[in-house]
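Observations on chain architecture
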Amino acid sequence: MPPESSPAGGTSISNVSHSTTRQTPDPCCDQTDAKTTNDVHIGDTASSVTDSYYFVTQVSRAVALAVIVLSIYSRNCIQAHVDTLWAWLRHDSVFRSAYFETIYVTAVYGLIIAAYPYAAHYMPFLQRFKVTGDVTYIHQTTPGIVLEAVKYVAPLLAADAVIVKRYWDVHESEWETRRHQWIQTTRALPGDAPPFLLLCAQVAASVFVFDFLFFGVHLLLHKNLFLFKHFHAVHHQHTLMHAHVTNQLSVVERLLLIASANYALKLFRCHPLTRVVYVPVFLWLLVDNHTGYDLPWGPHRLVPWGLMGGPAKHYAHHVHGTRHYQPFFNYLDSWLEGRRPTNAHNQVEGRQSLHLQKRD
């Protein structure tokens, strides 16, 4: 097992003390000059370092574009493999299980944490891309990991047991059979695989729609004192930014996040295989926002024209809590900024600040 700290600049829970804890402003207090003062400095060092790797970003974009073009050109060949994969999956007992998606999401999240922020913590070269010096990877104990998994999985498995999962292109008789079952054990799956290009388009569209929906949810959780206190404050209760903050959610907020993602998938009538592809893409974007690494090949760098926010802006949100509400993109935040008055005015956010000060 790797040590709890490393020359790469990481910090373990045992090494975090009051003397090293970053004192951050209240995450729900509207500070009028936050954008023009504090926000300007959040991530400036990392961004300037990352900007100096402009060539790496351009090469990464070229590689990504080449993969997209090659995929479109080879779509018929890829479709044949997709069809073969689906023919196997739809008869696999594990994949057909009513509980597959819940277990799959949990496993993918664990793998992403291990493959990205955990691994990055031990790569000295990547430490230069930290948004600030106090970004780190907080190691969790085994009991803590198990408890977190149980808290996430238990309510979802309970829902899986009683909710009939409906997918498009499945015969109605399959639903009738499952409606008469008290406990769901299997899923009724479509007979054919989705078209490859449609699968890719639906994944991208579902991410976009989720981003739109959860912007509204996230904004409401910050603007309403009661909702912030009871359902969102826990997400901002950390002294150091680290990847595990991604899943540091209240039960209500977690369910709202899952519901938003599922609604986006259902809106486009996504195939179960599309959902399988969507999960790692969606979770990677969520975890990436909370790592605190502004990598030159990160998703927000690959997408041109600054359309995506990225870890630096999300870090600023966790520090100030008054801007950058959109999970992945920027256009709604830009629209909101255009409507923001130039003087301090938000009494609700002031009461939220007072509430947290009393708790402290």
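So, a few notes on the structure that sits alongside this text. Predicted model, so just to flag it, every value in this text is computed and none were measured.

For helix H4 (residues 75–89), which comprises 15 residues, the first-to-last C-alpha distance of 20 Å matches the rise-based estimate of 21 Å (1.5 Å per residue) to within 8%. Where H4 is buried, its residues meet helix H5 (93–96), helix H9 (196–223) and helix H12 (272–291).

Next up on the list: the packing of aromatic side chains. All chains considered together, the criterion is met by 18 aromatic pairs. Between Trp86 and Phe95, the ring centres sit 5.6 Å apart and the planes meet at 85°, which makes this aromatic pair edge-to-face. One exposure class covers both Trp86 and Phe95, and it is buried. Ring geometry for Phe282 versus Phe328: centroids 6.3 Å apart, planes at 85°, classification edge-to-face. Taken as a pair, Phe282 in helix H12 and Phe328 in the loop between helix H14 (311–320) and helix H15 (331–339) lie far apart in primary sequence, 46 residues in all. Exposure remark for Phe282: the relative accessible area of 6% places this residue in the buried category. The class of Phe328 is buried, set by a relative accessible area of 2%. An aromatic cluster of three or more residues is present, and its members are Phe210, Phe214, Tyr278, Phe282 and Phe328. The ring of Phe95 has Arg187 sitting right over it, with the charged end atom 4.7 Å from the ring centre.

This paragraph deals with the layout of surface pockets. Of the volumes computed, that of the largest pocket is approximately 1,200 Å³. Going through the elements one at a time, helix H6 (100–120), helix H7 (142–162), helix H11 (251–267) and H12 are the ones with two or more residues in the lining of the largest pocket. No other element matches H6, which puts ten residues into the lining of the largest pocket. Tallied by class, residues from the lining of the largest pocket come to 31 nonpolar, nine polar and eight charged. Its boundaries defined by the atoms lining it, the second largest pocket holds a volume of some 1,100 Å³. Taken together, 27 residues make up the lining of the second largest pocket; nearest its centre are Ile68, Cys200, Ala204, Val281 and Val303. If one sorts the elements of the lining of the second largest pocket by residue count, H9 sits on top with nine residues. Here the lining of the second largest pocket is built from residues that sort into 25 nonpolar, one polar and one charged.

About the criteria used
Residues numbered from 1 in each chain as written. Predicted model: local features only at pLDDT ≥ 70, side-chain atom pairs only at ≥ 80, totals over all residues. Heavy atoms only, no water. Helix = DSSP H or I, 4+ residues; strand = E, 2+ residues; numbered from the N terminus. Expected span 1.5 Å × (residues − 1). Contact = heavy atoms within 4.5 Å. Phe/Tyr/Trp six-rings, centres within 6.5 Å; stacked < 30°, edge-to-face > 60°. Buried < 20%, exposed > 50% of the residue type's maximum accessible area, 1.4 Å probe, protein only. Lys NZ or Arg CZ within 6 Å of the ring centre and 35° of its normal. 1 Å grid on protein atoms, 1.4 Å probe; cavity = no way out; pocket = protein on both sides within 12 Å on 5 of 7 lines; lining within 4 Å. Points joined across faces, edges and corners; volume = space filled by probe spheres on them. Nonpolar A, V, L, I, M, F, W, Y, C, P; charged D, E, K, R; others polar.

The quantities given are spatial measurements derived from coordinates; they are silent on function.
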